[in-house]
Amino acid sequence: MPQAQADIGLIGLAVMGQNLILNMNDHGYTVAAYNRTVSKVDDFLAGPAKGTKVIGAHSLEEFIGLLKRPRRVMLMVKAGDPVDEFIDLCVPLLEKGDIIIDGGNSLYKDTDRRVKALKEKGIIFIGAGISGGEEGARNGPSIMPGGNPDGWPHVKGIFQAIAAKADGGEPCCDWVGDGGAGHYVKMVHNGIEYGDIQLICEAYNLLKLGLGLQAKQLFEVFNKWNEKQLNSYLIEITSHIFSINDVDGTPLVEKILDVAGQKGTGKWTVIDSLELGMPLTLISEAVYARCLSALKDERVEANKVLSGPSQQYKGNPQEFIEAIEQALYASKIISYAQGFMLMRQAAEEYKWRLNYGGIALMWRGGCIIRSHFLNNIKQAFDKDPLLKNLLLAEFFSTEIKKAQPGWRKVVAGAVEMGIPIPCLSSALSFYDGYRAARLPANLLQAQRDYFGAHTYERIDKPRGQFFHTNWTGTGGKVSSSTYNA
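Residues numbered from 1 in each chain as written. Predicted model: local features only at pLDDT ≥ 70, side-chain atom pairs only at ≥ 80, totals over all residues. Heavy atoms only, no water.

Visitor: What is the right way to read the overall build of the protein from this model?
Guide: Secondary structure summary: the protein contains 19 helices and 8 strands in total. Scaling as 2.2 N^0.38, a compact globule of 485 residues should have a C-alpha radius of gyration of about 23 Å, and the protein matches this with 26 Å. Going through the 485 residues of the protein one by one, you find that 50% of them count as buried. Of the contacts made within the protein by residues no fewer than 6 positions apart, 68% connect residues no fewer than 24 positions apart. Summed over its atoms, the accessible surface of the protein is roughly 23,400 Å², and 53% of this surface lies on carbon and sulfur atoms. (Helix = DSSP H or I, 4+ residues; strand = E, 2+ residues; numbered from the N terminus. Rg over C-alpha atoms; globule rule 2.2 N^0.38 Å. Buried < 20%, exposed > 50% of the residue type's maximum accessible area, 1.4 Å probe, protein only. Contact = heavy atoms within 4.5 Å. Areas by Shrake-Rupley, 256 points an atom, 1.4 Å probe, with all protein chains shown as cover.)

Visitor: I keep staring at the nonpolar core and nothing clicks. Help me out?
Guide: Taken as a class, soluble globular proteins show a tendency for nonpolar side chains to be buried jointly. Formed by 89 residues in total, the largest nonpolar core has its most connected members in Trp225 and Trp363. With 18 residues, the single largest contributor to this core is helix 14 (residues 317-350). The residues contacting Trp363, other than those within four sequence positions of it, are Ser142, Met144, Val185, His189, Ile192, Phe340, Met343, Ile369, Arg370 and Leu374. Counting residues in hydrophobic clusters, the runner-up holds 30 residues, among them Ala49, Ile101, Ile126 and Cys173. (Core = buried A, V, L, I, M, F, W, Y, C linked by side-chain atoms within 4.5 Å.)

Visitor: How should I be thinking about the state of the cysteines in this particular structure?
Guide: Simply put, disulfide is the name for a covalent bond between the sulfur atoms of two cysteines. One pass over the full model with this rule turns up 0 disulfides. In this model Cys291 remains outside any disulfide bridge; the closest cysteine sulfur is found in Cys423, 12 Å from its own. (Disulfide = S-S within 2.5 Å.)

Visitor: Whenever I open this one, the packing of helix 4 (residues 81-90) against helix 5 (residues 108-119) confuses me. Can you help?
Guide: When two helices pack together, their arrangement is captured by the angle between the axes and the distance separating the axes. Interhelical geometry of helix 4 versus helix 5 gives an angle of 10° and a closest axis separation of 12 Å. Classified by the angle their axes make, helix 4 and helix 5 are roughly parallel. For the pair formed by helix 4 and helix 5, the contact residues are Val83, Asp84 and Ile87 on the first element and Arg113, Arg114 and Leu118 on the second. Among the residues making up the contact of helix 4 with helix 5, the classes are represented as 3 nonpolar, no polar and 3 charged. (Axes fitted to C-alpha atoms, helices over the stretch in contact; angles between N-to-C directions. Parallel < 35°, antiparallel > 145°, perpendicular 65-115°, else oblique. Nonpolar A, V, L, I, M, F, W, Y, C, P; charged D, E, K, R; others polar.)

Visitor: Explain the sheet that holds strand 1 (residues 8-11) here, please?
Guide: Sheet strands pair by backbone hydrogen bonding; their relative direction is either parallel or antiparallel. With mixed pairing, 8 strands are arranged side by side in an open sheet as 3-2-1-4-5-6-7-8. Each edge of the sheet is formed by a strand with only one pairing partner; in this case those strands are strand 3 (55-56) and strand 8 (177-178). Inspection of the sheet shows strand 2 (residues 31-34) paired to strand 3 by 2 bridges, in the parallel sense. In the sheet register, Ala33 faces strand 3, and the bridge partner there is Gly56. (Pairing = 2+ DSSP bridges.)

Have a look at this one:
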């Protein structure tokens, strides 16, 4: 048997796995590395890991034997069946009290299932959401661990050492909660990421189609935005994208096919919002926008048949650029507000004790959605841990008020020009719906009672009392049961 000398072992030597290992090595940890295709282990040791303390293993038995007790095994493999397959292979080689960590983008329900199943076998399971891409993995990601809390003391030192550091040196990593809580928070992070990216794309489309801005001008606009309230990783990389040319000297971004890919975490977020009854309208539209982009051939055909207005903005260009900035900022606030709404409802449904200010802290560095105003989110929850909605915090209600004229101008202008803005417009619709003391759902309930005897509540009676009207005079007094689906 090999000598147990590794502090942690990692299975899966794709780019994220390799970079996490190198990050751990930089912080003084000895890491054992294994991959199902063992030639990748040798390539890694001879390449990026050359000269490090990383130890390679050519079998699972050798790999497990290299680990100090309690053994810490981290999986960086594709979500779904591969995770279960490696768990099944590792468990017979482990002892009670050993720890398995899933650092991939697993569905939180799978994590919850694995925590319970492995606990029965005496194995501690942790599901850790990790954000930051390959750069974050190498230099400091945002890490969102959850699962069996017995494992946290054994991984806390490693995770917080390799995590990104926010202002003041605070690690962008802390215990999220039991069961699938860590992967749930990562799922919502990815949903907000979908929304942020789509909002930026809509702003780009307005600047390009409505104002005719070219790549150099777009670079200047986004670079300027990144110096103010929109300061964020995604705005920063967007400005950089506009500065990159193809080999022929023309902007590379304009050579890229307009068909978006997705790995499923945004879809999971939307599905869960429907199950919990939370109006995640902006993120839903972001997911559907990717679906619409995939209909490329149909869109090309439709373009030849379906007509629309002129896409040239007729007002003051500089004023419209400033209005787009305000619309993007306000909509970004809505995106985060909806994400935190969903997490609050999930915490109630799944009996988690989520620290929302702590989550904002974890997102302040390393992750894809890191942005300046996450500081303001943390401050809002520090001031009021029971805050129902970010829009009700003084800072955000004030910011929305200031941005509102430009936001409405952009949405109206886009509609007049026929430029699609599903997320910018849905964000505004959500805002107007959320601030409405009365919505037309009274008519909706009347219609449901008319055709299906589904009953309704009355404004002059206590909540929870339901009534049915014989609208046609022939329906009788029997009503359907009342329920929410």
